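Results of the structural survey
Read off the chains here:
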Amino acid sequence: MITSRAACRRARLFPIVVALGAALACASYGRNTLPPGTVEPDKFLFDRGMATLNDKKWLTAREFLKQVVETYTQSPYRPDAKLGIGDSYLGEGSAESLVLAINEFREFLSFYPTNKRADYAQYKLGMAHFRQMRHAQRDQTETREAVKEFEAFVARYPTSSLMPEVKARLRESRDRLSEADYLVGYFYYRQRWYPGAIDRFKSLLKDDPAYTGRDAVYYYLADALVKTQTKREAEALTYLERLVQEFEQSDYLVEAQKRITELKTLAQTKTSGG
């Protein structure tokens, strides 16, 4: 009986021992240990790092890639490993990791300005700021930084295959800034401070003539012009006509067409002396 119970205990313990052995074997090939006889240790670490990066195991990926960067300073894999570290921070997406991602991509551009993947680093630098953009009602510091980095990309890498994606993100970033300006102008409009609204709306259109929400700007700018003490109907008509010409679909389209008819009728009445 005693022998039988001992055998049962050993049988139950066997899977645990096997599991511990497997865990120790895996641990032996961690960041600080390479398999015996590894011919290209930098390549081994880089490949492991990129594989775990693709699996979104951010911390593990960094452990492998950091060893390439810190230990194998002459390795041909070092630049890509540096980018991989930045991507791991960007993948995490926390406020702290995004700041660290910015640092990695800036360092890459400083160390390897002529590298074939410098355009990628510039793009991801912009994305690290883009990921930190706040709502239009909030502080827009990170939005301005994103615009700056995307504009730098457009200027430096005109033939990059990443250009369509960068231009799309740049448009989103500019729209966020312009939306913030629009909301200020709309606040002035709602408060019936029409001179302030007019100045803000006109400044927005000058700074960002391609703002995708400019139909609202045209409409409220025109209405503010009509409601000023000087009654600037002719100028208001210009903005309403731009709205109709530039937008096939808009929440303001029907009302704008109605106001155009009213303003033209009013202008004819004044001309005829009626």
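All of the points below concern the structure found in this document. (Residues numbered from 1 in each chain as written. Predicted model: local features only at pLDDT ≥ 70, side-chain atom pairs only at ≥ 80, totals over all residues. Heavy atoms only, no water.)

Looking at the overall build of the protein
Scanning the protein for helices and strands turns up 12 helices and zero strands. Starting at the N terminus and walking to the C terminus, you meet the elements of the protein as α-α-α-α-α-α-α-α-α-α-α-α. Within the protein, residue pairs in contact and separated by at least 24 positions form 52% of the contacts whose partners lie at least 6 positions apart. Accessible surface, the protein as shown: approximately 16,100 Å² in total, 54% of it carbon and sulfur. (Helix = DSSP H or I, 4+ residues; strand = E, 2+ residues; numbered from the N terminus. Contact = heavy atoms within 4.5 Å. Areas by Shrake-Rupley, 256 points an atom, 1.4 Å probe, with all protein chains shown as cover.)

So, helix α4 (residues 78–92)
Taking 1.5 Å of rise per residue, the 15 residues of α4 would be expected to cover 21 Å, and the 21 Å separating its terminal C-alpha atoms lies within 8% of that figure. Counting buried residues in α4 gives 12 out of 15 residues, a clear majority hidden from the surface. For α4, every residue scored as buried is listed here: Arg78, Pro79, Ala81, Lys82, Leu83, Gly84, Ile85, Gly86, Asp87, Ser88, Tyr89 and Leu90. (Expected span 1.5 Å × (residues − 1). Buried < 20%, exposed > 50% of the residue type's maximum accessible area, 1.4 Å probe, protein only.)

Looking at the environment of Phe150
Mapped onto the secondary structure, Phe150 falls in helix α7 (residues 141–156). The class of Phe150 is buried, set by a relative accessible area of 0%. What Phe150 contacts, discounting residues up to four positions off in sequence, is Tyr123, Gly126, Met127, Phe130, Val166, Arg169, Leu170 and Ser173.

Digging into helix α3 (residues 58–71)
Between its terminal C-alpha atoms α3 stretches 20 Å, which fits the 20 Å expected from 14 residues at 1.5 Å a residue. Residues of α3 that are buried: Ala61, Arg62, Phe64, Leu65, Gln67, Val68 and Val69. Here the buried face of α3 lies against α2 (41–54) and α4.

Some words on the pattern of salt bridges
Going through the model one piece at a time under the given rule, you end up with 22 salt bridges. Between Arg62 and Glu92 there is a salt bridge; the shortest N-O distance is 2.6 Å. One end of the pair, Arg62, is in helix α3; the other, Glu92, is in helix α4, with 30 residues separating them in the sequence. Residue class for Arg62 comes out buried when judged on its relative accessible area of 8%. A salt bridge links Lys82 to Glu107; the shortest N-O distance between them is 2.4 Å. With Lys82 in helix α4 and Glu107 in helix α5 (residues 95–111), this residue pair connects regions lying 25 residues apart in the sequence. For Lys82, a relative accessible area of 8% translates into the label buried. (Salt bridge = Lys/Arg side-chain N within 4 Å of Asp/Glu carboxyl O.)

Description of the packing of aromatic side chains
Across all of its chains, the model carries 17 aromatic pairs by this definition. Taken together, a centroid distance of 5.2 Å and an interplanar angle of 50° make the contact between Phe108 and Tyr112 tilted. Summarising the burial analysis for this pair, Phe108 and Tyr112 share the class buried. Grouping aromatic residues by their ring pairs yields a cluster made of Tyr182, Tyr186, Tyr189, Tyr194, Phe201, Tyr219, Tyr220 and Tyr252. (Phe/Tyr/Trp six-rings, centres within 6.5 Å; stacked < 30°, edge-to-face > 60°.)

Structural notes on the nonpolar core
Leu90, Phe105 and Phe150 are the most contacted members of the largest nonpolar core, which totals 35 residues. Counting residues per element, the ones that place at least two in this core are α2, α3, α4, α5, α6 (118–130), α7 and α8 (163–190). Counting residues in each nonpolar core, the second largest holds 30 residues, with Ala197, Leu204, Tyr211 and Ala224 among its members. (Core = buried A, V, L, I, M, F, W, Y, C linked by side-chain atoms within 4.5 Å.)

Remarks on the side chain of Glu104
Following the sequence through the fold, Glu104 ends up in helix α5. A residue is classified by how much of its surface remains accessible, and Glu104, at 10% relative accessible area, is buried. Contacts of Glu104, omitting those with residues within four sequence positions, involve Lys82, Ile85, Gly86 and Tyr89.

Quick word on the environment of Gly86
Along the chain, Gly86 falls in helix α4. Expressed as a C-alpha distance, the spacing of Gly86 and Phe108, which sit 22 residues apart in the sequence, is 9.2 Å. Non-local contacts of Gly86, meaning those with residues more than four positions away in its chain, are made with Ala101, Glu104 and Phe105.

Section: unusual backbone geometry
Peptide bonds are mostly trans, and most non-glycine residues show a negative phi. The phi dihedral of Lys56 is positive, around 65°, even though this residue is not glycine. Within the secondary structure, Lys56 is located in the loop between α2 and α3. We classify Lys56 as exposed; its relative accessible area is 60%. Phi angles above zero are rare outside glycine, and Arg192 is one such case at about 65°. Along the chain, Arg192 turns up in the loop between α8 and α9 (194–207).

Treat this as a map of the structure, not an account of what it does.
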